[in-house]
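# A structural walkthrough
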Amino acid sequence: MTMRIIQRWLLPSPLNNSEGALRAHILHYILPFSFLAPPIYTVFTYLQKPANLNAALTFAVSSEIINIGLFLLARKGYIRVVSIFLVGVLWLYTALAAYLNLGQHDVIFALGNATIIILAGILLGGKGSLAIALLSISAGSLLIFTNGNFNFRDWTIASAFFLVIFGLQLLSSKTARRALDRTQASRDQYRSLLESLPATAYISEIENSGALTYVSPQVAGLFGYTQDEFLNDSHL
């Protein structure tokens with residue numbers, strides 16, 4: 001019983017549409033890493049800049065509380081809301097980490113923002129990716145004026161890097177979307193073929209004791225149960 005509960009919470013929440021299901025699976029693997037980021041950053045701050053430890057601890061605790069809320073919302077199926085908050089929190093986390101350490105010279109600023117630009121494109125689309133790219137460029141410009149160690153040349157290079165990452169992500173996103181559309185079209189054709197046959201067709205998993213994942217509507221005329229009833233009741 002306990003293992004079933006754990007498995008249910010660890011598995012990605014099922015959704016009806018392919019794009020939503022893809023985002024749910026991505027979040028399923030990203031959220032656990034978001035729980036690890038605050039402790040890692042806290043240890044890094046303790047080793048590199050102990051004077052900032054209290055601020056790092058406060059930020060880490062706040063981040064973990066937000067992560068728990070995002071995880072619960074994701075389990076409820078609020079994928080879009082979780083995606084927006086997750087990208088926003090990660091960007092704020094990266095901006096604060098860069099401010100407390102080495103600004104745009106820091107690996108956290110360059111690679112962190114590049115990663116979030118890609119993540120925003122996957123979870124939020126091209127507009128979300130562009131918004132994060134522009135926010136990252138703006139954050140770099142603010143760091144120039146708030147710290148004399150930062151210069152315009154380094155900010156220009158970082159800004160160009162962010163825009164290149166956005167462009168590459170946009171191209172790959174369009175390619176992935178076209179592939180997803182082709183896959184969905186193939187699935188629709190296959191489903192139409194199955195549902196036009198003069199017999200009941202079904203699809204079952206090899207693992208999980210051969211659990212049914214699909215049964216054609218003809219099952220209602222054969223057994224008297226609807227598709228949903230037949231799929232949701234393993235005793236039928």
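Our structure's up above, just so we're on the same page.
This text gives an overview of the structure that appears in the document.

What counts and how
- Residues numbered from 1 in each chain as written.
- Predicted model: local features only at pLDDT ≥ 70, side-chain atom pairs only at ≥ 80, totals over all residues.
- Heavy atoms only, no water.
- Helix = DSSP H or I, 4+ residues; strand = E, 2+ residues; numbered from the N terminus.
- Contact = heavy atoms within 4.5 Å.
- Buried < 20%, exposed > 50% of the residue type's maximum accessible area, 1.4 Å probe, protein only.
- Core = buried A, V, L, I, M, F, W, Y, C linked by side-chain atoms within 4.5 Å.
- Patch = residues over 30% accessible without salt bridge, like charges linked within 9 Å, V, L, I, M, F, W, Y side chains within 5 Å.
- Areas by Shrake-Rupley, 256 points an atom, 1.4 Å probe, with all protein chains shown as cover.
- Salt bridge = Lys/Arg side-chain N within 4 Å of Asp/Glu carboxyl O.

Now for the side chain of threonine 42. Mapped onto the secondary structure, threonine 42 falls in helix α2 (residues 18–48). The residues contacting threonine 42, other than those within four sequence positions of it, are Leu53, Ala56, Leu57 and Ala60.

Before going further, it helps to spend a moment on the environment of glycine 77. Take glycine 77: it is sitting in the loop between α3 (53–75) and α4 (79–100). Note on glycine 77: relative accessible area 28%, which makes it partly exposed. With 53 residues separating them along the chain, glycine 77 and alanine 24 place their C-alpha atoms 8.1 Å apart.

Let us look at the nonpolar core. Ranked by size, the top nonpolar core spans 31 residues in total, and within it Leu86, Val87, Phe109, Ile117, Leu123 and Ile132 carry the most contacts. Of all the secondary structure elements, the ones that give two or more residues to this core are α2, α3, α4, α5 (107–124), α6 (126–146) and α7 (152–196). The leading source of residues in this core is α5, at 8 residues. Discounting residues that sit within four places of it in the chain, isoleucine 132 has contacts with Val87, Trp91, Ile116, Ile117 and Ala120. In this structure, Tyr41, Ala56, Phe59 and Tyr93 belong to the second largest nonpolar core, which totals 5 residues.

We now examine a nonpolar patch on the surface. A grouping of Leu73, Tyr78, Val81, Ile84 and Phe85 is seen on the molecular surface, where their side chains present a nonpolar patch of about 450 Å² in accessible area. Tracing the sequence through the fold places leucine 73 in helix α3. Overall, the relative accessible area of 32% leaves leucine 73 in the partly exposed class.

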